[in-house]
Amino acid sequence: GKEIPGQASLVFDVVLLDLHNPKDGITIENQHVPESCERRSQTGDFLRYHYNGTLLDGTLFDSSYSRNHTYDTYVGKGYVIAGMDEGLLGVCTGEKRRIIIPPHLGYGEEGRGKIPGSAVLVFDIHVVDFHNPADSVSITVNYKPSNCTVLSKKGDYLKYHYNASLLDGTLLDSTHSLGKTYNIVLGSGQVVVGMDMGLQDMCVGERRTVVIPPHLGYGEDGVEGEVPGSAVLVFDIELLELVSGLPEGYMFVWNGEVSPNLFEEIDQNHDGEVLLEEFSEYIQAQVDSGKGKLAPGFDFEKIVKNMFTNQDRDGNGKVTAEEFKLKDQEAKEEHDEL
């Protein structure tokens, strides 16, 4: 043409940006693999990981670190480019690896955003944690006293210490730093489902580690400023005290025989009607004397008000002898009706 004369010798100064072969697969370079790797990721797992994405010449095009948020995805399901989908299989929690992806397993001939067409991609990843939606709570007993006959069950009032962390060891919370125990009624919904499960069948003095997947913890949203979304949680627990609860469905039980003249005893002014104040004073007296027991761990006034409301069947704020029935009497009547 006009720019290059005939018979001219040409000089090209070339900078090689990258190269690949259409037959290439991904290349994986392990940079750090934890000594303890009990499980490796597989198809269907949900991973949280950090990454730096560069071209082969080192040009940075994206980084999760700059957003201060992990990239979270299912693996082996097509939610990310094919090369990354493959490269994230078989990793351990805490592992660091480099994944080199040819364009036909990345963003192809067209590229995307800051990524040129036909570019070879390099991802340096750090796996924070992963779980499977089918996972349940994992419990590891670290210490169990020789005398371990009384085990925790639903309705028991528990006092325990814990350290809460992420799988990478990042500490989230600790009762030790607060100088007081965490107290709950087991199975009452006062903690996440996974913790309710992890505290079952535990004896006083026992220490265990409970690993809770996010669907049994704080879910995809987490707790703003405290727990990341979709995070797997690790609780190191020591049970310090256990107060046995009541049978399911009961908020108050008698420790001995029930008086045949119970309504008359509660009705202190003998006017044939029991008010909330009379009812509350009577229940308090039974608890103080040891004749009755309230469900541990709940507010006294709320329990008594709930008991009173159950007896006040017409809702007029008064309980008459006709309305008043013990729980076993109610159950018997229902059975008779059936």
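Here the residue index of a chain counts from 1 through its sequence in written order. Since the coordinates come from a predicted model, pLDDT governs what is reported: local features require at least 70, and pairs of side-chain atoms require 80 or more to be given and counted, while whole-chain, interface and lining totals use all residues. Only hydrogens and water are removed before side-chain values are computed, so all heavy atoms of the structure are retained for them.

Looking at an unreviewed UniProt entry, one finds the chain named peptidylprolyl isomerase and attributed to Dromas ardeola. Per its UniProt entry, the chain bears the Catalytic activity (unreviewed entry) comment "[protein]-peptidylproline (omega=180) = [protein]-peptidylproline (omega=0)". UniProt positions are given in the numbering used here, feature names are shortened, and annotations may be inferred rather than shown by experiment.

**What to know about unusual backbone geometry**
Its identity is not glycine, yet Asn68 carries a phi of approximately 55°, on the positive side. Helical segments are the DSSP runs of H or I of at least four residues, strand segments are the runs of E of at least two, and each set is numbered from the N terminus. Along the chain, Asn68 turns up in the loop between β3 (60-63) and β4 (71-74). Not every positive phi belongs to a glycine, and Ser118 is a case in point at roughly 60°. Among the structural elements, Ser118 can be located in the loop between β5 (96-101) and β6 (121-131).

**Side note on the nonpolar core**
By nonpolar core is meant a set of buried Ala, Val, Leu, Ile, Met, Phe, Trp, Tyr and Cys residues that side-chain atoms within 4.5 Å join together. Here the term buried applies to any residue with accessible area under 20% of the maximum for its type, exposed to any over 50%, and partly exposed to those in between, with areas from a 1.4 Å probe on protein chains only. By size, the foremost hydrophobic cluster in this structure holds 23 residues, and its most contacted members are Leu158, Tyr160, Met195, Leu199, Ile212, Phe235 and Ile237. Looking at this core, the elements that each hand over two or more residues are β8 (157-166), β11 (207-212) and β12 (233-243). Sequence-distant contacts of Met195, that is, excluding residues within four places in its chain, are made with Tyr160, Ile212, Phe235 and Ile237. Counting residues in hydrophobic clusters, the runner-up holds 22 residues, among them Val75, Ile101, Ala119 and Ile125. Here a residue-residue contact requires only that any non-hydrogen atoms of the pair lie within 4.5 Å.

**Details of the side chain of Asp312**
Tracing the sequence through the fold places Asp312 in the loop between α6 (300-311) and β16 (319-320). Under the counting rule used here, the positive set is Lys and Arg, the negative set is Asp and Glu, and His together with the chain ends is not counted. Any Lys or Arg side-chain nitrogen located within 4 Å of an Asp or Glu carboxyl oxygen qualifies as a salt bridge. Although Asp312 lies buried, it forms no salt bridge, and the closest oppositely charged side chain, Arg313, sits 8.3 Å away as judged by the N-O distance. Dropping the residues within four chain positions of it, Asp312 is found in contact with Gly317, Lys318, Val319 and Glu323.

**Quick notes on the packing of helix α5 (residues 276-289) against α6**
Here, axes are lines fitted to C-alpha atoms. For helices the fit covers the stretch in contact, and angles between N-to-C directions go from 0 to 180 degrees. It is at 10 Å that the axes of α5 and α6 come closest, and there the two elements cross at 120°. Considering their axes alone, α5 and α6 lie oblique with respect to each other. As α5 packs across α6, the resulting crossing turns out to be right-handed. On the side of α5, the interface is formed by Leu276, Phe279, Ser280, Ile283 and Gln284, while α6 contributes Phe300, Val304, Lys305, Met307 and Phe308. Relative orientations are named as follows: roughly parallel for angles under 35 degrees, roughly antiparallel for angles over 145 degrees, roughly perpendicular for angles from 65 to 115 degrees, and oblique for any other angle. Should the near helix be turned anticlockwise from the far one by less than a right angle, the crossing is termed left-handed; should it be turned clockwise, right-handed.

**Side note on the UniProt feature "domain: EF-hand" (unreviewed entry) in the chain**
The UniProt record marks residues 254-289 and 299-334 with the feature "domain: EF-hand" (unreviewed entry), using the residue numbering of this structure. Within residues 254-289, the helical portion is 53% and the strand portion 8%, while the C-alpha atoms at the span's ends are 11 Å from each other.

**Remarks on the UniProt feature "domain: PPIase FKBP-type" (unreviewed entry) in the chain**
Residues annotated in UniProt with the feature "domain: PPIase FKBP-type" (unreviewed entry) correspond here to residues 44-131 and 155-243. Overall, residues 44-131 shows 7% helix and 40% strand. The separation of its end C-alpha atoms is 9 Å. Between the end C-alpha atoms of residues 155-243 the distance is 9 Å, and the span holds 11% helix and 39% strand.

**Focus: the domain arrangement of the chain**
Boundaries of every domain are those given by an automatic assignment or by a domain database. By domain assignment, the chain separates into domain 1 (25-129), domain 2 (136-241) and domain 3 (250-332). Listed as interface residues are six residues of domain 1 and, on the opposing side, eight residues of domain 2. Here domain 1 meets domain 2 over a buried area of about 480 Å², counting both sides, of which 56% is carbon and sulfur. A 1.4 Å probe defines the accessible area here, and the buried area is the portion of it lost by two parts on being joined, summed over both. For the domain 1 face of the interface with domain 2, the top three residues by lost area are Arg48, Val128 and Asp129, together amounting to 67%. Under this definition, polar contacts are N or O atom pairs within 3.5 Å; protein pairs additionally need one hydrogen-donor-capable and one acceptor-capable atom, and for neighbouring residues in sequence, both atoms have to be side-chain atoms. At the junction of domain 1 with domain 2, the criterion picks out one residue pair in polar contact (both at pLDDT 80 or more). Listed by contribution, the elements that provide at least two residues to the side of domain 1 that touches domain 2 are β2 (46-55) and β6. Tallied by class, the residues present in the side of domain 1 that touches domain 2 amount to two nonpolar, one polar and three charged. Side-chain classes follow a simple rule in which Ala, Val, Leu, Ile, Met, Phe, Trp, Tyr, Cys and Pro form the nonpolar group, Asp, Glu, Lys and Arg form the charged group, and the remainder, Gly included, forms the polar group.

**Here's the deal with the state of the cysteines**
Cysteine sulfur atoms that come within 2.5 Å of each other are treated as a disulfide pair. Using the criterion set out here, one finds two disulfides in the structure. Covalently, Cys37 is tied to Cys92 through a disulfide, its sulfur atoms 1.8 Å apart. Measuring handedness by torsion sign, the sulfur bridge of Cys37 and Cys92 sits at about -90° and is left-handed. In this pair, Cys37 sits in the loop between β1 (27-32) and β2 while Cys92 sits in the loop between α1 (82-87) and β5, placing the two residues 55 residues apart along the sequence.

**Considering the pattern of salt bridges**
Under the definition given, this model contains 12 salt bridges. A salt bridge links Asp135 to Arg39; the shortest N-O distance between them is 3.1 Å. Separated by 96 residues along the polypeptide, Asp135 in the loop between β6 and β7 (138-143) and Arg39 in the loop between β1 and β2 bring together distant segments of the chain. Note that Glu273 and Lys318 form a salt bridge whose closest N and O atoms lie 3.6 Å from each other. Of the two residues, Glu273 is situated in strand β14 (residues 273-274) and Lys318 in the loop between α6 and β16; the sequence distance between them amounts to 45 residues. Owing to a relative accessible area of 31%, Lys318 belongs among the partly exposed residues under this scheme. Through salt bridges with shared partners, one network takes in Arg39, Asp45 and Asp135.

**A word on the layout of surface pockets**
Grid spacing is 1 Å over the protein atoms alone, the probe is 1.4 Å, and a cavity is where that probe fits but cannot get out, while a pocket is an open set with protein on both sides within 12 Å along at least five of seven lines and lining residues have an atom within 4 Å of a point. Grid points are joined across faces, edges and corners, and a volume is the space filled by probe spheres set on the points. Within this model, the second largest pocket holds a volume of roughly 610 Å³. Lining the second largest pocket are 18 residues, with Glu38, Arg39, Thr93, Leu167 and Val211 sitting closest to its centre. Considering each element in turn, the lining of the second largest pocket owes the most residues, three residues, to β11. Broken down by class, the residue content of the lining of the second largest pocket amounts to eight nonpolar, seven polar and three charged.

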